[in-house]
Amino acid sequence: MKPRPPWYARPWLHLAIILVVAGLFRLWQIDSIPPGLFGDEATDGLDALDVLAGRGAVFFPANFGREGLHMWIVAGMFRVLGITPLALRLPSVAAGVVTALAAYWLGRELLAAWRKDAGRGDAADDPWEFLPLVAALYLATSYWHVHFSRFGIRGVFTPLLGALAFAAFWRAVNRSSRAWFAASGAFLGLAAHFYTASRFFPFFLAGFLAVQWLVTRVRGRNDRAILVRHFGGIVLLFAVAALVFAPLGVYFLRHPGAFTQR
């Protein structure tokens, strides 16, 4: 039987520590720090009120144009908690906390991929076992991530969906799972509905796959290329991403200026 890791190396304990630390940094005095509403927050809040009034959209043209999914989430929070600054900021708080947890998941999947490629076992006393925890705690306490987790704006969803997309991708590679490739594509597609910079994620992934294929080919190990071993899953990933992005893509086809406005 596979030996159980010591209590201090168990993933559930690491997740609990990350949850407490990330939550503390993002929830402490969230009703008063930062004071008032920043202009971008107020604009998102007004768009959320439009959603409640039946004027929802996939893209909102105010404030140089913004993808709309964040406004729909804020509108839902307004419906539950009332129209308050706290309700406006709680989605960002939640996104920040979940991003720290997703970073831990991503770290564990990357570690599993490295161990598999290097032929290493899951040794309980391996110091690398704690690297995902260190990375997640760094993110949980990072100034800029805490800063944007306490503002009711959509940018904080970019690292969240990026971490989820790439964690699902590496899980798909580790387990040869089409379902996880599809999940990765769904996260990539959703990311584009939150923030403009997220549109680069598919290109980052495609670039990595191309470089990794080239390196394995030069080394005469073409069978180790992820693109070769999981070609069908990768096609599925990008197809799902395109399908999820499609409503926003149709809007951009009809309003081409909105695509490059920001």
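Counting from 1, residues in each chain are numbered in the order their sequence is written. Local features are withheld for residues below a pLDDT of 70 in this predicted model, meaning they are given only at 70 or higher, and side-chain atom pairs are given and counted only at 80 or more; totals for whole chains, interfaces and linings count all residues. The side-chain figures draw on all heavy atoms in the structure; neither hydrogens nor water molecules are used.

Engineer: Please give an account of the overall build of the chain that cites residues and values.
Structural biologist: Across its full length, the chain carries 12 helices and two strands. Put simply, DSSP H or I for four residues or longer makes a helix, DSSP E for two residues or longer makes a strand, and each gets a number counted from the N terminus. Overall, the chain shows an N-to-C arrangement of helices and strands of α-α-β-β-α-α-α-α-α-α-α-α-α-α. Taken over C-alpha atoms, the radius of gyration comes to 20 Å for the chain, in line with the 18 Å a tight globule of 262 residues would show. Across the 262 residues in the chain, those meeting the buried criterion constitute 43%. Residue contacts are counted whenever heavy atoms from the two residues lie within 4.5 Å of one another. Long-range pairs, those at least 24 residues apart, make up 71% of the contacts in the chain between residues at least 6 apart in sequence. The globule rule is 2.2 Å times the number of residues to the power 0.38, and the radius of gyration it is compared with is taken over C-alpha atoms. Only protein chains enter the accessibility calculation, which uses a 1.4 Å probe; a residue is then buried when its area is under 20% of its type maximum, exposed when over 50%, and partly exposed in between.

Engineer: Account for the packing of helix H2 (residues 39–52) against helix H3 (residues 69–81), with residues named and values stated.
Structural biologist: Each axis is a line fitted through C-alpha atoms, taken for helices only over the stretch in contact, and angles between the N-to-C directions span 0 to 180 degrees. In the contact formed by H2 and H3, the axes pass within 8 Å of each other and the chain directions differ by 70°. Regarding the angle of H2 to H3, the classification is roughly perpendicular. On the side of H2, the interface is formed by Asp44, Gly45, Asp47, Ala48, Leu49, Val51 and Leu52, while H3 contributes His70, Met71, Trp72, Val74, Ala75, Phe78 and Arg79. For this classification, the nonpolar set comprises Ala, Val, Leu, Ile, Met, Phe, Trp, Tyr, Cys and Pro, the charged set comprises Asp, Glu, Lys and Arg, and every other residue, Gly included, is treated as polar. Its residues placed into classes, the contact of H2 with H3 shows nine nonpolar, two polar and three charged. Roughly parallel means an angle under 35 degrees; roughly antiparallel, over 145; roughly perpendicular, 65 to 115; everything else is oblique.

Engineer: An account of the packing of aromatic side chains is requested, with residue identities and associated values reported.
Structural biologist: Aromatic rings from Phe, Tyr and Trp, with only the six-membered ring used for Trp, were paired whenever their centres fell within 6.5 Å, and each pair was classed as stacked if the ring planes differed by under 30 degrees, edge-to-face if by over 60, and tilted otherwise. Per the stated rule, a full pass over the model turns up 18 aromatic pairs. With centroids separated by 5.7 Å and ring planes inclined at 90°, the aromatic side chains of phenylalanine 166 and phenylalanine 201 adopt a geometry described as edge-to-face. With phenylalanine 166 in helix H7 (residues 157–175) and phenylalanine 201 in helix H9 (residues 201–218), the pair connects residues that are 35 residues apart, well separated along the chain. The same class applies to phenylalanine 166 as to phenylalanine 201, namely buried.

Engineer: With reference to specific residues and values, describe helix H4 (residues 85–118).
Structural biologist: Spanning 34 residues, H4 covers 50 Å between terminal C-alpha atoms, matching the ideal 50 Å at 1.5 Å per step. Of all the bends found along H4, the most pronounced is centred on proline 91 and spans about 25°. Positive phi appears at glycine 119, one or two residues downstream of H4, with a value of about 70°. One fewer than the residue count of a helix, multiplied by 1.5 Å, yields its expected span. The angle separating two fitted axes, one through the seven residues that finish at a residue and one through the seven that start at it, defines the bend at that residue.

Engineer: So, unusual backbone geometry: which residues are in play, and what are the values?
Structural biologist: Backbone torsion omega between isoleucine 33 and proline 34 reads 0°, so that peptide bond is classified as cis. Its location among the elements puts proline 34 in the loop between helix H1 (11–27) and H2. Of note, the phi angle at glutamine 29 is positive, near 55°, even though the residue is not glycine. Inspection of the secondary structure assignment puts glutamine 29 in the loop between H1 and H2. By relative accessible area, glutamine 29 is classed as partly exposed at 36%. Of note in this structure, asparagine 63 is not a glycine but carries a positive phi near 55°.

Engineer: Now, about the pattern of salt bridges: what can you tell me, with residues and values included?
Structural biologist: Two side chains that carry opposite charge are able to pair once their charged atoms sit near each other. One speaks of a salt bridge when a side-chain nitrogen belonging to Lys or Arg is within 4 Å of a carboxyl oxygen belonging to Asp or Glu. Considering all chains together, one arrives at 10 salt bridges under this definition. A salt bridge links aspartate 50 to arginine 55, with the shortest nitrogen-to-oxygen separation between them at 2.7 Å. Two residues, arginine 115 and glutamate 129, come together in a salt bridge whose shortest N-O distance is 3.0 Å. One end of the pair, arginine 115, is in helix H4; the other, glutamate 129, is in the loop between H4 and helix H5 (131–141), and 14 residues separate them in sequence. Connected via shared salt-bridge partners are Asp44, Asp47 and Arg66.

Engineer: Can you break down the nonpolar core residue by residue, with the values?
Structural biologist: One finds Phe157, Phe169, Trp170, Phe181, Leu188, Leu205 and Ile226 to be the most contacted residues of the largest nonpolar core, which totals 28 residues. Where this core is concerned, the elements lending two or more residues are H4, H7, helix H8 (178–191), H9 and helix H11 (231–254). Looking at this core, the element that brings in the most residues is H7, giving 12 residues. Residues contacting isoleucine 226, with those up to four places away along its chain left out, are Phe169, Trp170, Val173, Phe208, Leu209, Gln212, Phe231 and Ile234. Counting residues in each nonpolar core, the second largest holds nine residues, with Val51, Phe60, Ala75 and Ala87 among its members. The criterion is simple. A nonpolar core is a set of buried Ala, Val, Leu, Ile, Met, Phe, Trp, Tyr and Cys residues joined through side-chain atoms within 4.5 Å.

Engineer: So what's going on with a nonpolar patch on the surface? Residues and values would help.
Structural biologist: Here, patches come from residues exposed beyond 30% relative accessible area and free of salt bridges, joined within 9 Å for like charges and within 5 Å for nonpolar side chains (Val, Leu, Ile, Met, Phe, Trp, Tyr). The accessible surface values rely on the Shrake-Rupley method and a 1.4 Å probe; as for residues, cover is taken only from the protein chains in view. The grouping of Leu24, Phe25, Trp28 and Ile33 at the surface amounts to a nonpolar patch, some 420 Å² of accessible area in total. Here leucine 24 lies in helix H1.

Engineer: Describe the packing of H7 against H8, listing the residues and the values that go with them.
Structural biologist: Running from N to C, H7 and H8 point in directions that differ by 165°, and their axes come no closer than 8 Å. When the axes of H7 and H8 are compared, the pair comes out roughly antiparallel. Read as a crossing pair, H7 and H8 show a hand that is left-handed. Here Leu161, Leu164, Ala165, Ala168, Phe169, Arg171, Ala172 and Val173 of H7 come into contact with H8, specifically with Trp180, Phe181, Ala183, Ser184, Phe187, Leu188, Leu190 and Ala191. Residues belonging to the contact of H7 with H8 are distributed by class as follows: 14 nonpolar, one polar and one charged. By definition, any crossing whose near helix is turned counterclockwise from its far helix by less than a right angle is left-handed, and any crossing with a clockwise turn is right-handed.

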